[in-house]
Amino acid sequence: QVQLVEAGGGLVQSGRSLRLSCVASGSLFSIIAMGWYRQAPGKEREFVSSITSSATTMYADSVKGRFTISGDNAKNTVYLQMNSLKPEDTAVYYCYLKGALRQYWGQGTQVTVSS
């Protein structure tokens, strides 16, 4: 089993920054990628960003240039630095880990951006 624990969410004003973290623990074999999705009220969960085991990164168009994903393999941790936050970034942010056999999800952390 794999457990993912997110931290770093909160309430911030538009234009400010937050950094999310996600620590993975448990049976960690063949991690292909880790990353983040988000889900706003009344909307479907959407991809935000990912980083592979070889440090290849991907971003949704809506966050390119504002969000940066990074990883610390030694700590099994992935970070999401979110700058220039906008009210439309308000959502529950979910960490995920893509393994060789299945994908795992964290419980989510709330990010609220006030205008």
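Further up the page is the structure itself.
This one's a predicted model, so the numbers in the text were calculated from it and none came from an experiment.

K.L.:
Is there a simple way to explain the layout of surface pockets in this structure?
P.N.:
Gaps between atoms show up when a probe of the same size as a water molecule is rolled over them. For the largest pocket, the calculated volume is near 220 Å³. When grouped by side-chain class, the residues that make up the lining of the largest pocket number six nonpolar, six polar and one charged.

K.L.:
Explain the state of the cysteines to me, please; I cannot follow it from the model alone.
P.N.:
Formally, a disulfide is one covalent bond, and it connects the sulfur atom of one cysteine to the sulfur atom of another. Per the stated rule, a full pass over the model turns up one disulfide. Between the sulfur atoms of Cys 22 and its disulfide partner Cys 95 the distance amounts to 2.0 Å. One disulfide, between Cys 22 and Cys 95, carries an S-S torsion of -80° and so falls in the left-handed class. Taken together, the residues Cys 22 in strand E3 (residues 18-26) and Cys 95 in strand E9 (residues 91-98) connect sequence positions 73 residues apart.

K.L.:
Help me understand the packing of aromatic side chains, please; the structure alone is not making it clear to me.
P.N.:
For any pair of aromatic rings, the description rests on two quantities: the centre-to-centre distance and the angle between the ring planes. With the rule as written, the count across this model stands at four aromatic pairs. A ring pair is formed by Tyr 37 and Tyr 96, whose centres lie 5.4 Å apart and whose planes are at 75°; its orientation type is edge-to-face. Linking Tyr 37 in strand E4 (residues 33-39) with Tyr 96 in strand E9, this pair joins segments that are 59 residues apart in sequence. Put simply, the rings of Tyr 37, Phe 47, Tyr 96 and Trp 105 pair up and form one aromatic cluster. Against the face of Tyr 94 rests Arg 45, its NZ or CZ located 3.8 Å from the ring centre. One cation-aromatic arrangement involves Arg 45 over Trp 105; the distance from NZ or CZ to the ring centre is 4.7 Å.

Rules and cut-offs
Residues numbered from 1 in each chain as written. Predicted model: local features only at pLDDT ≥ 70, side-chain atom pairs only at ≥ 80, totals over all residues. Heavy atoms only, no water. 1 Å grid on protein atoms, 1.4 Å probe; cavity = no way out; pocket = protein on both sides within 12 Å on 5 of 7 lines; lining within 4 Å. Points joined across faces, edges and corners; volume = space filled by probe spheres on them. Nonpolar A, V, L, I, M, F, W, Y, C, P; charged D, E, K, R; others polar. Disulfide = S-S within 2.5 Å. Helix = DSSP H or I, 4+ residues; strand = E, 2+ residues; numbered from the N terminus. Phe/Tyr/Trp six-rings, centres within 6.5 Å; stacked < 30°, edge-to-face > 60°. Lys NZ or Arg CZ within 6 Å of the ring centre and 35° of its normal.

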